[in-house]
Every structure is written in structure tokens, then in C-alpha cells.
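One-letter residues, chain by chain:
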Amino acid sequence: MSIQVEVKASRHYTVQIGEGLLDAAGALLREKTAAGTACVVSGAQVDAFYGDRLVRSLEAAGFRALRFVHPSGEEHKNLETYGKLLGFLAGQGLSRSDLLVSLGGGVTGDLTGFAAATYMRGLDYVQIPTSLLAMVDSSVGGKTAVDLPEGKNLAGCFWQPLAVLCDPALLQTLPEEELRCGAAEVVKTAVLRDEALFRELEKAGLPAAFTEDAIARCVRIKRDLVEEDEFDRGSRKLLNLGHSFGHALELCSGYALGHGQAVAVGMTMIALASAEKGICSRETAERLRALLEKLGLPTEPEIPGKALLAALLRDKKRSGDSMDLVLPEAIGRCRVERVPASALEEWLRLGGAK
Ligand code: GLY
């Protein structure tokens, strides 16, 4: 039995959540596509754990299964890896009726999705997320991208998957630090729209972040936001809570700070600044900081404010002379506010930047 969440975006698809879906993938995908070839894309570590099982499952369902293994890490989500993947697909003669299968975390999902959107002007792809972050956020909603030297996700497009298969058993091999990073996105979702989930995390800590129920609740909230605003012009921007400051922190740390860690610091900063401005209570900001610390996530910005400001001003989310910030009003309720670029220094200072 798995939990099913239907997504009705420009393409309709199902996110299935349940243990055992990796081995059932071939049969499940056979019901959705007549593709002859399925190319599995994964990072080296994930391929070593799960590549053989997925290939066996696909072959048993009659697919010709190929594997493209890329080096692990955000620094490889770039044009070079993307070019190699496209070259591999062309060399193997994949056509538009074939299938890509992303087996991995956010890096693999974004890369595979972008290749699927652009190879021969677009073919189907499936997301099989193996990290908590990818299960609760990046595998759903069709955002695809690679990074440029100038910043994260600067080349990309929207391309919805054919299906998402989320098997929480795959989290057993995830390093604890990455589990904590994924938990930052669970906290983010709870702060956006699920106060009860926030309380469960406060009570039970990390284990409450990766139950099937918690994953499904995050996926439903993400689904709702994607259905409201697939192309990120309005309410979907709420999913950037903690991310504007977070991306700047990530960039300035040379990616030494993981994405989830940077988002945890970014959320704390924006909550503290919102409390200073009377948008949320001090208690809300302190509750958020305490939960993130309980989950083993950092909350203090170690990067100088000047460097953060420079990175923020380069961020792609800045449009013209302003930037959209996501501001918590209470646990379970946030709003998007356009802030002039000239005010960002003050927001950073109120958020604790030195
Ligand atoms: N990860 C944010 C979004 O999908 O909009």
C-alpha cells in the first residue's frame, strides 16, 4: 500500500509514497509509458546502493535499461555534466518516446529534469528521490536546472515529470547530516502551512521528519502551491522561505554549507528580522530557532553581512530594484513581500548578520 498524491499541473501525475516502490518501479512505469529504453541517471554513491535494483526492476518490465552515472555533489550540477548526459543519450540513440529516470537527490533530479526538457525538445522523465530533501520538495513541481559559475539554478525550465516514486526505505542509507538537511525543508513546509506538523517535530525531533505521513503532508502542501502557481509568479514563491538568504549563505561559503543548513540559517534570520519588524512575534522566531537547533541544524550566520549583501544583489530572484522575501507571520502562515534592494542591508542586520 502506498499513499498517492495527485498533482494537476500542466501535466497530471501521481506522487506515490511507500516502502518497496524502488523494486516495483519497472512494473509501475510500464503502466504509464510505452518507452522502449529507460535511462537511469544517478550520482556515483546512489548508483552503488540502488542502481542494480532499479535496472533489474526496469528490465523485468521489458525496458532496455541504461545507466548514466555522474560525479556526486552540487558542484557537478553544471553545464559540463549536462552536456555529457545529452551526449550519452544521443550516443545511445534515445528518441523522444524513451524515458529518463532520475534516481537520486535534488542535484540528480534537477539535472535529469533539465536534460529531459531539452533533449530532442523534450521527453518524459520520472523522479525516484533518494534524499529527504528531494522527497519533500525538489522532486515535485517540475523545476529543473543546472548551476552556472555565476549562481545556482541559472539555466533551467519547468518540465513536469511523468511520475514520482518516493520510497522512504531508501533513506536508510542517507548520511544523518543529509537527513537533517532534508528536515530543514520539512520545517519550512510546516512553517508555511502546517502548524500541527511543526508541533510534532518539536515533540519527537528528527524521526518525525521522515515518516511516510510527514513526507505525504509536505508533498500535499507543495502540490497545492504548485497547482495554485505552477510557474512561480505568486504563491509558489512561499516555498523560498529561508532560501534567499540561504542561497547567499551557500554561495559565500563556497558550498561548504549544505543547502538544508543554509536554509536553516536563512529561515532563522528572516524570522528574527520579521520579529524585529513586528510581522511575527519574538516567540515565533525563537520557537523556529529552537526547533532547528533541536534537529541539529545551524542557525547563526557565520558569513560577513557585506558578502551576503553582495550575493543577494546578484540573486536571480531580485527583479529590477527589489527582491521578494518570504516572511513568517506565525507558525503555519507566511506571506511574500517585495522589498527594495536598498532595504536588504537592514533585513540582514536585523536577522543577525555581522
Ligand atoms: N523548491 C521550490 C519550488 O519548487 O518552487
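Attention here is on the structure that accompanies the text. (Residues numbered from 1 in each chain as written. Predicted model: local features only at pLDDT ≥ 70, side-chain atom pairs only at ≥ 80, totals over all residues. Heavy atoms only, no water.)

**Focus on the packing of helix 9 (residues 243-252) against helix 12 (residues 305-314)**
The criterion, for reference: What counts as an axis is a line fitted to C-alpha atoms, over the stretch in contact for a helix, and the angles between N-to-C directions run from 0 to 180 degrees. Only DSSP runs of H or I with at least four residues qualify as helices, and only runs of E with at least two residues qualify as strands; both kinds are numbered from the N terminus onward. These descriptions rest on fixed angle ranges, namely under 35 degrees for roughly parallel, over 145 for roughly antiparallel, 65 to 115 for roughly perpendicular, and the rest for oblique. A clockwise turn of the near helix away from the far one marks a right-handed crossing, whereas an anticlockwise turn of less than a right angle marks a left-handed crossing. Contacts were defined at the residue level, with two residues in contact if any of their heavy atoms lie within 4.5 Å. Gly is put with the polar residues, along with every residue not named as nonpolar or charged; the nonpolar set is Ala, Val, Leu, Ile, Met, Phe, Trp, Tyr, Cys and Pro, and the charged set is Asp, Glu, Lys and Arg.
Where helix 9 contacts helix 12, the axes come no closer than 9 Å and their chain directions differ by 115°. With respect to each other, helix 9 and helix 12 are oriented roughly perpendicular. When the axes of helix 9 and helix 12 are compared, the crossing they make is right-handed. Between helix 9, through Ser-244, Phe-245, Ala-248, Leu-249, Leu-251 and Cys-252, and helix 12, the contact on the second element is made entirely by Ala-307, Leu-308, Ala-311, Leu-312 and Arg-314. Residue composition of the contact of helix 9 with helix 12, grouped by class: 9 nonpolar, 1 polar and 1 charged.

**Here's the deal with the side chain of Asp-110**
Relative to the assigned elements, Asp-110 resides in helix 4 (residues 106-118). The contact partners of Asp-110, leaving out residues within four places of it in the chain, are Lys-77, Lys-143, Thr-144, Ala-145 and Asn-153.

**Focus on the packing of helix 6 (residues 176-193) against helix 10 (residues 259-276)**
Two numbers describe how helix 6 lies on helix 10: the axes approach to 7 Å, and their chain directions differ by 40°. Between helix 6 and helix 10, the interaxial angle falls into the category oblique. Here helix 6 runs over helix 10; the crossing is left-handed. Residue-level contacts link Glu-177, Cys-181, Ala-184, Glu-185, Val-187 and Lys-188 of helix 6 to His-259, Gly-260, Gln-261, Val-263 and Met-267 of helix 10. The residue makeup of the contact of helix 6 with helix 10, split by class, is 5 nonpolar, 3 polar and 3 charged.

**A short note on the site of the ligand**
Rules: Whether a residue is near a molecule or strand depends on its heavy atoms: if one lies within 4 Å, it is near. Within 3.5 Å is the distance limit for a polar contact, defined as a pair of N or O atoms, with the added protein rule that one can donate a hydrogen and the other accept it, and that residues adjacent in sequence qualify only through two side-chain atoms. Note on areas: Shrake-Rupley, 1.4 Å probe, and residue coverage restricted to the protein chains presented here.
Inspection of the region around the ligand gives Asp-137, Lys-143, Lys-222, Arg-236 and Leu-239 as its neighbouring residues. Lys-222 places a side-chain nitrogen or oxygen 2.5 Å from an oxygen atom of the ligand. For the ligand, whose accessible area on its own is 200 Å², the fraction buried by protein is 89%. Its residues placed into classes, the shell around the ligand shows 1 nonpolar, no polar and 4 charged.

**Some details on the layout of surface pockets**
What counts, and what does not: Cavities and pockets were defined on a 1 Å grid built from protein atoms only: a cavity is a group of points that admits a 1.4 Å probe but offers it no way out, a pocket is an open group of points flanked by protein on both sides within 12 Å along at least five of seven lines, and a lining residue is one with an atom within 4 Å of any such point. Grid points are joined across faces, edges and corners, and a volume is the space filled by probe spheres set on the points.
The computed volume of the second largest pocket comes to approximately 160 Å³. Lining the second largest pocket are Glu-74, Glu-75, Lys-77, Asn-78, Leu-79, Asp-147, Leu-148, Pro-149, Leu-251 and Tyr-255. Partitioned by chemical class, the residues of the lining of the second largest pocket number 5 nonpolar, 1 polar and 4 charged.

**Considering the side chain of Arg-236**
This is how the line gets drawn: Only protein chains enter the accessibility calculation, which uses a 1.4 Å probe. A residue is then buried if its area is under 20% of the maximum for its type, exposed if over 50%, and partly exposed in between. Note that His is not counted, nor are the chain ends; the positive residues are Lys and Arg, and the negative ones are Asp and Glu. Counted as salt bridges are all cases of a side-chain nitrogen of Lys or Arg within 4 Å of a carboxyl oxygen of Asp or Glu.
Examined against the element boundaries, Arg-236 turns out to sit in the loop between helix 8 (212-228) and helix 9. This buried residue, Arg-236, is left without a salt bridge; Asp-232 holds the nearest opposite charge, at 4.8 Å. A polar atom in the side chain of Arg-236 sits 3.0 Å from the backbone oxygen of Gly-141. The contacts of Arg-236, once residues within four sequence positions are left out, are Val-140, Gly-141, Lys-143, Phe-158, Lys-222, Leu-225, Val-226, Asp-229 and Glu-230.

**With respect to the nonpolar core**
Going by this rule: Residues belong to one nonpolar core when they are buried, are Ala, Val, Leu, Ile, Met, Phe, Trp, Tyr or Cys, and are joined through side-chain atoms within 4.5 Å.
Counting residues in each nonpolar core, the largest one holds 79 residues, and the members touching the most others are Val-15, Val-187, Ile-215, Leu-325 and Trp-347. In terms of residues, this core owes the most to one element, helix 10, which gives 11 residues. In this view, Ile-215 contacts Ile-17, Leu-132, Met-135, Val-136, Cys-166, Pro-168, Leu-171 and Phe-210; residues no more than four positions away in its chain are not counted. Within the second largest apolar cluster, 25 residues are counted, among which are Ala-25, Leu-28, Ala-35 and Ala-65.

**Describing helix 10**
Definition in use: The length a helix should cover is 1.5 Å for every residue beyond the first.
An ideal rise of 1.5 Å per residue puts 26 Å on 18 residues; helix 10 measures up with 26 Å between its terminal C-alpha atoms. Of all the 18 residues making up helix 10, 17 are buried; the element is thus mostly covered by neighbouring parts of the structure. Looking one or two places after helix 10, you find Gly-278, whose phi comes out positive at around 75°.

**Regarding the environment of Gly-332**
Mapped onto the elements of the fold, Gly-332 is located in the loop between strand 11 (322-330) and strand 12 (333-340). With relative accessibility at 23%, the residue Gly-332 sits in the partly exposed group. For the pair Gly-332 and Leu-192, spaced 140 residues apart in the sequence, the C-alpha separation amounts to 4.8 Å. Apart from residues lying up to four places away in sequence, Gly-332 is in contact with Ala-190, Val-191, Leu-192, Arg-193, Asp-194 and Glu-195.

**Here's the deal with the environment of Leu-28**
Here Leu-28 shows up in helix 1 (residues 21-30). Its relative accessible area of 18% is what places Leu-28 among the buried residues. With 29 residues separating them along the chain, Leu-28 and Ser-57 place their C-alpha atoms 9.8 Å apart. Setting aside chain neighbours within four positions, we find Leu-28 in contact with Gln-16, Leu-21 and Leu-165.

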